[in-house]
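Residue-level structure breakdown
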Amino acid sequence: MRKIIFVLIIGLVHTFNCIGQAPKKQNASEIYHDLQKLNFLGSALYIAAHPDDENTRLISYLANDVKARTAYLSITRGDGGQNLVGPEIRELLGVIRTQELLAARRTDGGSQFFTRANDFGYSKHPDETLRIWNRDEVQSDVVRAIRKFKPDIIINRFNHRTPGSTHGHHTSSAILSYEVFDQLNDETFYPDTAQSYGAWAPKRLFFNTSWWFYGSQENFEKADKTNLLEVETGNFYPLLGLSNGEIASLSRSMHKSQGFGSTGTRGSQIEYLEFLKGEFPNDKSNIFDGINTTWSRIEGGTAIGNILHALEKDFDFKDLSKNIPSLLKAYKLIEALPDGYWKTIKSEEIKNIILSCSGLFLEAVADQQSSTKNGNLIVNIEAINRSSSKVLLHAVTSPVISFPSTLVATPLKNNEKHQLQSTEFTFNTDTFSTPYWLDEKGSLGMYQVKDPSLIGLPEVSDHFPVHFQISIDGVSMDIIRNIIYKFNDPVKGEVYRPFEVLPEVTSSISEKILIFSNSESREVPVAVRAGRDNVYGYVKLAAPEGWTVTPSTHQLNIAKKGDSQSLIFTITPPEGQSVGSLKSTVYVGGQEYTKELIEIEYEHIPYQNVLLPAEAKLVRIDIQKKGQSIGYIDGAGDAIPENLKQIGYQVSTIDPDDLGTSDLSEFDAIVIGIRAYNTIPELAFKNKDLHEYVSNGGTLLLQYNTSHRLVTDELAPYPITLSRDRVTDENSEVIFLDPNHMVLNSPNKITQNDFKDWVQERGLYFPSEWSDEYTPILGMMDPDKPQSNGSLLVAQYGKGYYIYTGLSFFRELPAGVPGAYRLFANLLSIGK
């Protein structure tokens, strides 16, 4: 199994109580920094299309320099990108990139929001983007996010005026923001969100421009800058010990799946904001000019501001508990305010500061990492007051589990631990732990979310809350902590993970694509995992018409939670070509369980479980191949080796360090994974060995690389120039430029039918120039775009063949596209 990770936002504030994360333990400088933010009542929303599109310098500047409440609205979760850290693509990559954005926001101090839009891949025009996304739905999500967050300032990352010149998702994000800006305060404009969150009127809209959008530094210097604001984002923060550029690079480096590690910068850095709509600021050095960002902004706020500004001036860094009386006085005044947006935000912010100053540690730890909906769970409570303040614990309650009640409040004495344990057999919930946007089957462009209150959230917060009803020096407050799980690792020490609720049983068909190249039967293992002790039942596989599954059912008997049982079914395909789904259902106690449990774990994001339908794709292909032994040099992460094994190839992984010492002649062909020449430095010095292999009669197939950050410019034995050219329409016409070429004829006759049912795109990063030694095989184009002939190039070199392709085999083979397998087999068979 693979493994993912999981974080949590409480309510609307950017202070995170992270499920599966160690509790935040602040020092005095960090607490003071939060106090400064408490005294700023203004907000800014940054809007772009994908994870990693955001300008972390500007987000960090707004959050840490201006002290504004700052958020990033990413229209998508980046599901359509590539993955440099593992094999996950599509929905699972979207989960990873969601967590990377949350990690970035924890670093730079912002909050994170999304729409339901699915990153369906590169789009060349916003018209296509907004058609596939469903313009009305994604626009309603943008309106929802703005009305919920209530920003004074909105900043677009991209230019709304240049459709067709860049990624359609990018331009669309700016178009959506620009077009809704003037209507946000109209209650008849998407009235459902106006009723839920109120209409809202942001003060101004900017475009975060730079010389890049002008084509060159020279053009930018000549441009009229009347409407541009210059913002210094290179300041140093003594309280944090970092410059803004250093924080921004740490945040940017959280996008590890995209290879966006960044080196910290110091010194002056100017960001430019082009005014688009709203009220133009009189002071062009202050984007909040003319906006009241003090406590006097809200009715009854002036007295609160007087207390907190005095505290900010006389803050005691040495004895934090001495700050508590003023904080409690301000907290009581905040709680007495009329209900409203800023009351909600500032109440949570000041509670967190009070807890930090008191050293009050509250935690609810499960005795197991996962449970079923009615499992016998024990939750252990730890409460400790590490200050001289008088702290009383009045009650511990939870909607999902019971705790012993008491008639007398428990004093939490200074530095004395208080522990409490939940009542046995009382855990009860109707919620499974899985990314909420994957619960329902969506469309190509949009995820489906049943509960409107979840739309826009990065994930569900407070799944399993525990309420600590406390008083500090006589002031009562309710503190919420989610149930978590932790354990001790011999190397890492204390490790936190999310507590999760999982089904009683899950099943998994290990091979997600089952390719049958002939009519022979295959054994298919199904792994069944118990979510509790003593699981008894049976398993059944459902296949499309024409396919045969034997036996019809398998009995199941698993004694221990967490154990698995492997069951073998025999699948027989039909005679002719056929594509369909194989679905696994487990029957236990009169209930049907149809989910697979996927675990994803990387060091830079929290651990998380994902529940997806337990199914695989069945593909019966009429396919022939020549050669048997394939060497594979892993690139930035793909599943092609496993896919090749499905059609009978013997695939061996080649360590780049072994090139030059290994005998490559044993391989009929060698395949190099995607972006290998972007990510494997050793290849810069090993090309001569690969080219020698080709010269001696081998076949070398190199999949796409980007022109940015190549480890060598000499990818191939003959000159070739990479570009950003791509064809994003997966249904685009394919033209056979050399119909008689062997890769289109042997051993499989390639026809137009082989380019049906491709997914996401035809290909990407095609070469734009190549020497005469290459033969271009295929031509293709997006609508209203010139034809590209660089998707597949073949050259004879010595006795062998060199092939460069930008065709998206790394997507098509895992998706079980029959024609992609047939064409790939031809490429590997060339010269045999």
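This write-up is about the structure you can find in this document.

What counts and how
Residues numbered from 1 in each chain as written. Predicted model: local features only at pLDDT ≥ 70, side-chain atom pairs only at ≥ 80, totals over all residues. Heavy atoms only, no water. Buried < 20%, exposed > 50% of the residue type's maximum accessible area, 1.4 Å probe, protein only. Helix = DSSP H or I, 4+ residues; strand = E, 2+ residues; numbered from the N terminus. Pairing = 2+ DSSP bridges. Axes fitted to C-alpha atoms, helices over the stretch in contact; angles between N-to-C directions. Contact = heavy atoms within 4.5 Å. Phe/Tyr/Trp six-rings, centres within 6.5 Å; stacked < 30°, edge-to-face > 60°. Lys NZ or Arg CZ within 6 Å of the ring centre and 35° of its normal.

1. A word on the pairing of strand 10 (residues 361-366)
Extensive coverage of strand 10 is indicated by the burial of six of its six residues. Burial along strand 10 is two-sided: the face carrying Phe361, Glu363 and Val365 and the face carrying Leu362, Ala364 and Ala366 are both buried. In the sheet, strand 10 pairs with strand 12 (residues 379-384) via six bridges, with the strands oriented antiparallel. The residue of strand 12 that forms the bridge with Leu362 is Ala383.

2. Considerations on the sheet that holds strand 43 (residues 800-805)
Taken in spatial order, the seven strands line up as 34-33-35-36-43-42-40 in an open sheet, and their pairing is mixed. At either end of the open sheet lies a strand with only one pairing partner, and these are strand 34 (650-653) and strand 40 (774-776). Across this sheet, the average inter-strand angle for adjacent strands is 20°, counted without regard to direction. Bridge count for strand 35 (residues 669-672) against strand 36 (residues 699-702) is three bridges, and the pairing is parallel. When the bridges of strand 36 are listed, Ile672 appears paired with Leu702. Each of strand 33 (629-633), strand 35, strand 36, strand 42 (792-797) and strand 43 is contacted by helix 17 (residues 818-829), which is oriented at about 140° to strand 36, the strand it contacts most.

3. Description of the packing of aromatic side chains
Tallied over the entire structure, the rule returns 30 aromatic pairs. With a centroid separation of 5.1 Å and an interplanar angle of 75°, the aromatic rings of Tyr341 and Trp342 are classed as edge-to-face. Given a relative accessible area of 8%, Trp342 falls into the buried group. Both rings, one in Tyr774 and one in Tyr802, keep their centres 6.3 Å apart while their planes meet at 65°; by these two values the pair is edge-to-face. With Tyr774 in strand 40 and Tyr802 in strand 43, this residue pair connects regions lying 28 residues apart in the sequence. Using a relative accessible area of 4% as the deciding quantity, one classes Tyr774 as buried. Look at Tyr802 and you get buried, because its relative accessible area is 0%. Taken together, Phe736, Phe755, Trp758, Phe809 and Phe824 form an aromatic cluster joined through their ring pairs. Lying across the ring of Phe114, Arg77 places its NZ or CZ 4.2 Å from the centre.

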